[in-house]
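Chain by chain, the residues run as shown.
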Amino acid sequence: MSRFFSEKYAELEPYVPGEQPKDQQYIKLNTNENAFPPHPSVAKAAAEAAASLHLYPDPECGELRKKLAETLGLKAEELMLTNGSDDMLNFAFMAFCDEHIQAVFPDITYGFYQVFAKLNQVPYREIPLKEDLTVDPAEYRNAAGTIFLANPNAPTGIALSREQIEEILQTNPYNVVVVDEAYVDFGADSCLKLVRKYDNLLVVRTFSKSRSLAGGRLGFGAANPEIIRDLETLRYSTNPYNIDRMTMAAGIACLEHDDYNRKNCETIMKTREAARRSLEKLGFEITDSRTNFLFARHPGIGGEKLYRKLKEKGILVRHFGAERIREYNRITIGTEEQMEALAETIGTILRDGGIQA
Ligand SMILES: *Cc1c(COP(=O)(O)O)cnc(C)c1O
């Protein structure tokens, strides 16, 4: 830390992204990227947009917002686009939390919530997941704070139903409830349509996972227009050009081929269930994932040890050190071939270690 760094950040621990090592080619199953590249027209649109990079992008994201509104069955004024959904989440902390309005989220969830709470210097309360790693909606009644829920949750992959989220919305009429739907397209209920019914709901979405655009950095929030206007005030006060020309063009092309994205999600869900079966055969216990990853532990081998052994053999998965989940690994669903290679490699590791399936 330099002697100039503001004291208010002295305790800040930044988010740690999944590793991206360059020392060898890995089968990368550690950052929940989509197994498939975007539709070919996406690269073409981005390349064409690059010819106009001497000009600022449209700060209103007019065309993209219109296309997105059509795709989702919402109005443009119910949407705001951001540089990845992390950007949107940060705006939500800025807008709806302060020293008097704490943030409330599960003890095991997306690591960025805690980072954003600290970054924005707001108090936060963590509500423990139940023993089976599910969120207990009853614990969020009258939560007295702005609620942040990843649904499905990360890294557990487990989802609440729309009815359970509605119960949380109804019992918190004086608080904003932020539902982070980064993985919702892989088999969970979306709350998008509920933004018309509840004026305290903010749904956060990303193009990174189900729409194969992690490298483009595109996310958005959906809420009633008043909430969106608050968020726009902050966006225009930080960086009104947060979506660059290439990403804007890529996003439009991506939505024009949304059937391609949907088909890929279906393939990934099928691959997920096949991978689940082969890992269960090897003795793994796996949560009920509605995402593009599996959260798995094996009674015969520790989470960190398995992570290390896999890395030695050229496969990256994500291990978290937190006490309650240290025996687990989070495994992104890749292609069918990648998942077969994973099961085979794990089989070898278990056999070499004399571990029974
Ligand atoms: C991946 C992820 C995000 C953010 O992704 P962006 O790439 O910033 O859009 C947000 N929430 C959860 C739970 C995620 O897993």
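For the structure itself, consult the block above.
Residues numbered from 1 in each chain as written. Predicted model: local features only at pLDDT ≥ 70, side-chain atom pairs only at ≥ 80, totals over all residues. Heavy atoms only, no water.

Draft legend 1. Quick look at the overall build of the protein. Looking only at helices and strands, the protein features 10 helices and 12 strands. Against the globule reference of 21 Å for 357 residues, the protein gives a C-alpha radius of gyration of 21 Å, in line with a compact fold. Here the C-alpha coordinates of the protein stretch approximately 60 × 50 × 50 Å along the principal axes. Residue burial in the protein is summarised as follows: out of 357 residues, 52% are buried. Looking at the protein alone, contacts between residues at least 24 apart form 73% of all its contacts between residues at least 6 apart. Element-wise, carbon and sulfur atoms account for 49% of the exposed surface of the protein, whose accessible area totals about 16,800 Å². Averaging the positions of the 43 positive and the 52 negative side-chain charges in the protein gives two centres separated by 3 Å. (Helix = DSSP H or I, 4+ residues; strand = E, 2+ residues; numbered from the N terminus. Rg over C-alpha atoms; globule rule 2.2 N^0.38 Å. Buried < 20%, exposed > 50% of the residue type's maximum accessible area, 1.4 Å probe, protein only. Contact = heavy atoms within 4.5 Å. Areas by Shrake-Rupley, 256 points an atom, 1.4 Å probe, with all protein chains shown as cover. Lys, Arg positive; Asp, Glu negative; His and termini not counted. Charge placed at Lys NZ, Arg CZ, Asp CG, Glu CD.)

Draft legend 2. Layout of the sheet that holds strand 12 (residues 328-332). Strand order across the open sheet formed by 3 strands is 9-10-12, with antiparallel pairing between neighbours. Either end of the sheet is taken by a strand with one partner, and the two such strands are strand 9 (285-286) and strand 12. Pairing of strand 9 with strand 10 (residues 293-297), which is carried by 2 bridges, proceeds in the antiparallel orientation. Looking at the pairing, Glu285 lines up with Arg297 of strand 10. (Pairing = 2+ DSSP bridges.)

Draft legend 3. Spotlight on the packing of helix 3 (residues 84-96) against helix 6 (residues 225-238). Viewed as axis vectors pointing N to C, helix 3 and helix 6 meet at an angle of 105°, and their least axial separation amounts to 10 Å. When the axes of helix 3 and helix 6 are compared, the pair comes out roughly perpendicular. Two secondary-structure elements touch here, helix 3 through Met88, Phe91, Ala92, Met94, Ala95 and Phe96 and helix 6 through Ile227, Asp230, Leu231, Leu234, Arg235 and Thr238. Per-class residue counts for the contact of helix 3 with helix 6 are 9 nonpolar, 1 polar and 2 charged. (Axes fitted to C-alpha atoms, helices over the stretch in contact; angles between N-to-C directions. Parallel < 35°, antiparallel > 145°, perpendicular 65-115°, else oblique. Nonpolar A, V, L, I, M, F, W, Y, C, P; charged D, E, K, R; others polar.)

Draft legend 4. A look at helix 6. Along its 14 residues, helix 6 runs 20 Å from first to last C-alpha, staying within 8% of the 20 Å computed at 1.5 Å per residue. Within helix 6, the full set of buried residues consists of Ile227, Ile228, Leu231, Glu232, Leu234 and Arg235. With its buried residues spanning 165° around the axis, helix 6 presents them on a single face. In helix 6, the exposed residues that point more than 90 degrees away from the buried face are Glu226, Arg229 and Ser237. Elements in contact with the buried residues of helix 6: helix 2 (62-72), strand 2 (79-82), helix 3, strand 7 (201-206) and strand 8 (219-222). Its side-chain oxygen at 2.9 Å from the backbone nitrogen of Glu226, Asn224 defines the N-terminal cap of helix 6. (Expected span 1.5 Å × (residues − 1). Arc of directions from axis to C-beta. Polar contact = N/O pair within 3.5 Å; in protein donor to acceptor, adjacent residues only side chain to side chain.)

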